[in-house]
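# Understanding the architecture of this molecule
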Amino acid sequence: MLWVSDVEGLKIINDNHGFEMGDDILKLIARAREQVDGYLFGGRFDGDKFAALILDESYADVERI
């Protein structure tokens, strides 16, 4: 399953605090998603979008997070 989500407010953080802080927030999100069973890999997809590839049987974990 490809999981794509919008990181709401990331543009505002980038504009007000710089891209380094925005990147740090994305890294925190990535670490949290790595806790999902079946997580394969993920990263910034486009702008303020984050994508992760997750095994299909882990859908319940994805909903929980």
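As the structure is a computational prediction, the values presented were derived from the model and not from experiment.

## A look at the pairing of strand E1 (residues 2-6)
Only one face of E1 is buried, namely the one carrying Trp3 and Ser5, since none of Leu2, Val4 and Asp6 on the opposite face is buried. By the bridge criterion, five bridges tie E1 to strand E3 (residues 49-54) in an arrangement that is antiparallel. Each residue of the ladder has a partner; that of Trp3, found in E3, is Ala52.

## Structural notes on the sheet that holds E1
Strand order in this open sheet of three strands is E1-E3-E2, and the pairing throughout is antiparallel. The open sheet is flanked by E1 and strand E2 (39-46), the only strands paired with a single partner. Put simply, the sheet's adjacent strands are angled 20 degrees from each other on average, direction ignored.

## Brief notes about the environment of Glu8
If you trace the backbone, Glu8 turns up in the loop between E1 and helix H1 (10-17). Put simply, Glu8 and Asp48 are 40 residues apart on the chain and 7.4 Å apart in space, counted from C-alpha to C-alpha.

## Notes on the pattern of salt bridges
On inspection of all chains with the given rule, the structure shows one salt bridge. A salt bridge links Lys11 to Asp15; its shortest N-O distance comes to 2.8 Å. Here Asp15 and Lys11 lie together in helix H1, a separation of four residues that amounts to about one turn. Its relative accessible area of 54% is what places Lys11 among the exposed residues. On the accessibility criterion, Asp15 (52% relative accessible area) is exposed.

Criteria and cut-off values
- Residues numbered from 1 in each chain as written.
- Predicted model: local features only at pLDDT ≥ 70, side-chain atom pairs only at ≥ 80, totals over all residues.
- Heavy atoms only, no water.
- Buried < 20%, exposed > 50% of the residue type's maximum accessible area, 1.4 Å probe, protein only.
- Helix = DSSP H or I, 4+ residues; strand = E, 2+ residues; numbered from the N terminus.
- Pairing = 2+ DSSP bridges.
- Axes fitted to C-alpha atoms, helices over the stretch in contact; angles between N-to-C directions.
- Salt bridge = Lys/Arg side-chain N within 4 Å of Asp/Glu carboxyl O.

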